[in-house]
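If you want the building blocks of each chain, they are given just below.
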Amino acid sequence: MTSQQQLQHLYWRAGFGPRPQDVKAGSSPRKVWHQLLQNSQVFEPLTGPAPPPNEPQLVMSAAPAAGTPQSSMITTPDQTQRQGMIPAAGGAAQMQAGSVGQMRRRELTPAQRKQRNLEIRSAFYAMNTGWLNRMATSPAQLREKLTFFWHGHFACRVRQPEAALQLNNTIRRLALGKFSELLLAVSQEAAMLQFLNNQQNRKQRPNENFAREVMELFTLGRGHYTEQDVKEAARAFTGWGADAQNRFVFRAKLHDDGPKTFLGHTGNFGGEDILRIILEQPQTAEFITTKLYRFFVNDTPNPAHIKLLAQEFYKSQYNISGLLERIFLADWFYAAPNVGTRIKSPVELLAGMKRTFGVQLADDRPLVVFQKALGQTLFQPPNVAGWPGGRSWIDSSSLLYRLQLPSVLFKNAEFRVALKDDENDIAPQLSRADRTFQQSVQTTVKLAPVRELLAQTPAPQQAAQLADFVLQTPIRPDSLALVQTAAASAPDESRLRTLVTALLSLPEYQLM
Amino acid sequence: MPTSRRDFLKASVLASSLLFVPKFLHALDRQGLQPLRNSNGRRLVVVQLGGGNDGLNTIIPYRNDEYYKARPTLGIREQSGILTLGQDLGFNPAMTQLKGLYDQGKVGILNAVGYPNPDRSHFRSMDVWQSASDSDKYVGTGWLGRYLDATCSDGHLPYTGLELDDTLSLAMKGNLRKGLSLKNPEKFHQLTQNRFIAQVSREKASAASGSELDYLYKTLAETASSAEYLYQTSKVYKSGVAYPNTEFGKSLKTTAELINSGIDSRVFYVSLTGFDTHVRQQEQQGRLLGDLSSGLGSFTEDLQKAGNLDDTLILVFSEFGRRVSQNASNGTDHGTANNVLLLGGGLKQQGILNAAPDLLNLDQGDLRYQLDFRSIYATVLRDWLGADDQLILGREFARLPGLV
């Protein structure tokens, strides 16, 4: 494997893909890793749409904000009006009428409820596209990639954009630190407490949902605790809740402070004790390591690798960046079975194209449509288990949409899809017309860096060289021939664009 | 409907909740497995009512005071044209074509279908129905996808399961096999005719390796050849039956044309959405039920004319029913148990197949389920499609004997 391929591999796995200048400079994986880590030191919260006047700012538990919020997150009203998908939603216009935002749903009139639905949808669209753009442009690639990983691990889907955004920023803030801190913070997030019904968990009538998922999906995995452990843990979490400002509150009156026996320990445990005991189990380190390995290395874990990594992870008291460093600097990480063998998730596919080629849309909303058509929408995981990943991304229609997408982004081809109603659960009941997208998308792309990358290469070899940069798996000879034929028939001025589009439309590009 | 049969069904419903099936029956089933794998030319059409259809205003208990007490303005009165079915139940006045089919003995109604610990979220509940999982388990495949896994040989093409839509539902995704989604054969064919994609799709996957890249090439090749087959085959039969001019009507027409053209697909999946009736339910639901009824009326007529209705079973479900009480906006909020309708020429039992929902025994204002929906799936999988229901559903659910 060439060193260029190694660098590309690292950029794809630890971030959202390489830009031409990243590989042109030449470097070593070790240097690039340290650069990625360095660039991800800063934590900058993702921002939602501006709150309406006369209303309190969003309460961020992730207080230490470094840097300035991205104004690009805000959906401007004219963008909204240009496009038919979302009627009369967005930005400032929405927020002036936004006084219904804080009211209880059942107190709203039908008109207010409709207004609130529009606000919610608009806010989720802004958060979604804002994050996707950040994945494509942020220097903090590692932090955003880890945030994306934990977004699928601590999968949570709530109607309140404020709570969803706050959880997202808590994850972003702690994504690279200690898993123990991340776990506690996520467990005390309003969104999670609500999604997993801990708001209803009280002494007289324990609700076990949160306790169960914390163990089954977030830490230990099924088979490493008993039903009795679930019951006891649920008792310990009684009284954990959130107030109207999405702040964690401990409601002592609802808490069961009697003795509990959990995983062999007995005491008058509270929720923090349960999490501490869970983290004392080496199985938790093994479970989390396996999940990270499957995401960053290979869907089929290597037991020998996992065992060593998990032991070190446990010894380091769950230091996430330390674990990642061991993975990304291991020789086996760059071995052939682990390179170009993972099917990109829809978000990785989209963010990767945007990053590598500087693709920008005149109006970002179609980015959400693409995600829905391909089967992965940020902030809307299918359930608490997250996205299953791997081959589940691919079926006949999703594959065709994937292969069409480069023509849509690079050649203004029309994208046409009617989305399902259940994919709009945030605000159901859209008419078919509102669920139908049929238009070409205005974009700008940056091809100058690619041109520079190929500057020293004679024309006949350019396709092959570009393939080496764009694809993480060797291109099939038949496919290379097709790409060369497509480019040869294009006029000079659009030859490079045609080359890029053709390479991105190959099954090879679906892999990283 | 004779009492004895109802009692028998009731008993089987009880058995389903207790998983009370003697061991020797399993053994018998296993022996009979091989010949059952072939679905004998039978097909299944699943109709999904998205948004949570209000079952109580679909199959109306019009002699039940509790119903009118809970729904003083939303309850539908007999004089507004309820289409009576016997046993004090009647179809919503909008469902005239379905009433006609009912009278011909082509409809079976199952009441109070649900599952333990129901979830009232649209997407989660739909997940449960589509994956056939318990409400606290997360399964990334669908029951029909696993049917494709279990029954399709290596020569399988994705059109064995067809969804009439632009994107594929969880229900149709298996571990190894997935269905194919398309709005209509012409448009889908066009997509694969994009010059570059068409050329790429002709590249062969290397048979042995099983790599992700080969999987992608294989999927693409199968998609292209399926599109070609569907496009060419669909030209054989053009429907002469009038369908309602709605999306749902068009999807059913496409389905009937494919079936009557002799397409070799076993499972079809069609959706009708918009049932989330929190506000002013009556008008909206009436329109949708009319759409459902007239669409299925045309569809069954179309199939009957071509002699294909006896081999077709239609299953109509929604992710949940609504609350028993109406809300302040003349609508209903998310509820639990609901009706499932079965239609077709091959139904061995018709009419109202189990007891009406018990409105006096509610769970905090919601219906309690009498019949697990997976008992219906098990029945359809085994007795209709001849598949291994236990393998597909992951465990045993008592089937409804002698139904299909």
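No experiment lies behind these values; they were computed from the predicted model shown. (Residues numbered from 1 in each chain as written. Chains lettered and ligands numbered in written order. Predicted model: local features only at pLDDT ≥ 70, side-chain atom pairs only at ≥ 80, totals over all residues. Heavy atoms only, no water.)

Colleague: Just to check I follow, could you spell out the overall build of chain A for this structure?
Modeller: Of regular secondary structure, chain A possesses 24 helices and 8 strands. By the burial criterion, 60% of the 512 residues in chain A qualify as buried. Put simply, 72% of the contacts in chain A that link residues at least 6 apart link residues at least 24 apart. Element-wise, carbon and sulfur atoms account for 51% of the exposed surface of chain A, whose accessible area totals about 19,700 Å². (Helix = DSSP H or I, 4+ residues; strand = E, 2+ residues; numbered from the N terminus. Buried < 20%, exposed > 50% of the residue type's maximum accessible area, 1.4 Å probe, protein only. Contact = heavy atoms within 4.5 Å. Areas by Shrake-Rupley, 256 points an atom, 1.4 Å probe, with all protein chains shown as cover.)

Colleague: Is there a simple way to think about the confidence of the model for chain B in this case?
Modeller: Predicted coordinates in regions of low pLDDT should not be interpreted in detail. Residue and element names in this part refer to chain B. Averaged over all residues, the pLDDT of chain B equals 89, while 89% of them reach at least 70. Per-residue pLDDT stays below 50 along residues 1–38; that stretch engages in 46 contacts with residues further than four places along the chain or on separate chains. As scored by the predictor, the complex reaches a pTM of 0.87 and an ipTM of 0.88. (pLDDT = per-residue confidence, 0-100.)

Colleague: Could you clarify how one ought to interpret the pattern of salt bridges in this entry?
Modeller: Charged atoms that come close allow side chains of opposite charge to pair. If you walk through the whole model with that rule in mind, you get 47 salt bridges over all chains. Note that B:Asp214 is salt-bridged to A:Arg476, the shortest N-O span being 3.1 Å. Here B:Asp214 is found in helix α10 (residues 212–234), whereas its partner A:Arg476 is found in the loop between α22 (459–470) and α23 (477–488) on a different chain. Here B:Asp214 and A:Arg476 have matching classes, each one buried. When salt bridges that share partners are traced, they join A:Glu44, A:Arg134, A:Glu144 and A:Arg172 into one network. (Salt bridge = Lys/Arg side-chain N within 4 Å of Asp/Glu carboxyl O.)

Colleague: Would you mind going over the environment of B:Asp103 with me for this structure?
Modeller: With respect to the helices and strands, B:Asp103 occurs in helix α5 (residues 96–103). When the C-alpha positions of B:Asp103 and B:Ser329 are compared, they lie 35 Å apart, and in sequence the two are 226 residues distant.

Colleague: In this structure, what is going on with the interface of chain B and chain A? I would like to understand it.
Modeller: Many descriptions give the size of an interface as the accessible area lost when the pieces come together. Every contact between the two is made by 52 residues of chain B and, on the other side, 51 residues of chain A. Inspection of the region where chain B meets chain A yields 5 salt bridges. Inspection of the region where chain B meets chain A yields 17 residue pairs in polar contact (both at pLDDT 80 or more). Of all elements in the fold, only α6 (122–131), β7 (180–181), α8 (185–192), α9 (195–201) and α10 of chain B reach the threshold of two or more residues within the side of chain B that touches chain A. The biggest single contributor to the side of chain B that touches chain A is α10(B), with 9 residues. Of the residues in the side of chain B that touches chain A, the class split is 17 nonpolar, 18 polar and 17 charged. (Polar contact = N/O pair within 3.5 Å; in protein donor to acceptor, adjacent residues only side chain to side chain. Nonpolar A, V, L, I, M, F, W, Y, C, P; charged D, E, K, R; others polar.)

Colleague: Help me out: how do you make sense of the domain arrangement of chain A in this one?
Modeller: Residue and element names in this part refer to chain A. As far as domains go, chain A holds domain 1 (3–42 + 121–280) and domain 2 (446–511). Centre-to-centre separation of domain 1 and domain 2, based on C-alpha positions: 40 Å. Residue-level contacts link 11 residues of domain 1 with 9 residues of domain 2. Around 820 Å² of area is buried between domain 1 and domain 2 when both sides are counted, 59% of it from carbon and sulfur atoms. The largest per-residue losses of area from domain 1 upon contact with domain 2 belong to Trp12, Pro20 and Lys24, which jointly make up 54% of the total buried on that side. The interface formed by domain 1 and domain 2 holds 1 salt bridge in total. (Domains from an automatic or database assignment. Buried area = accessible area lost by both parts, 1.4 Å probe.)

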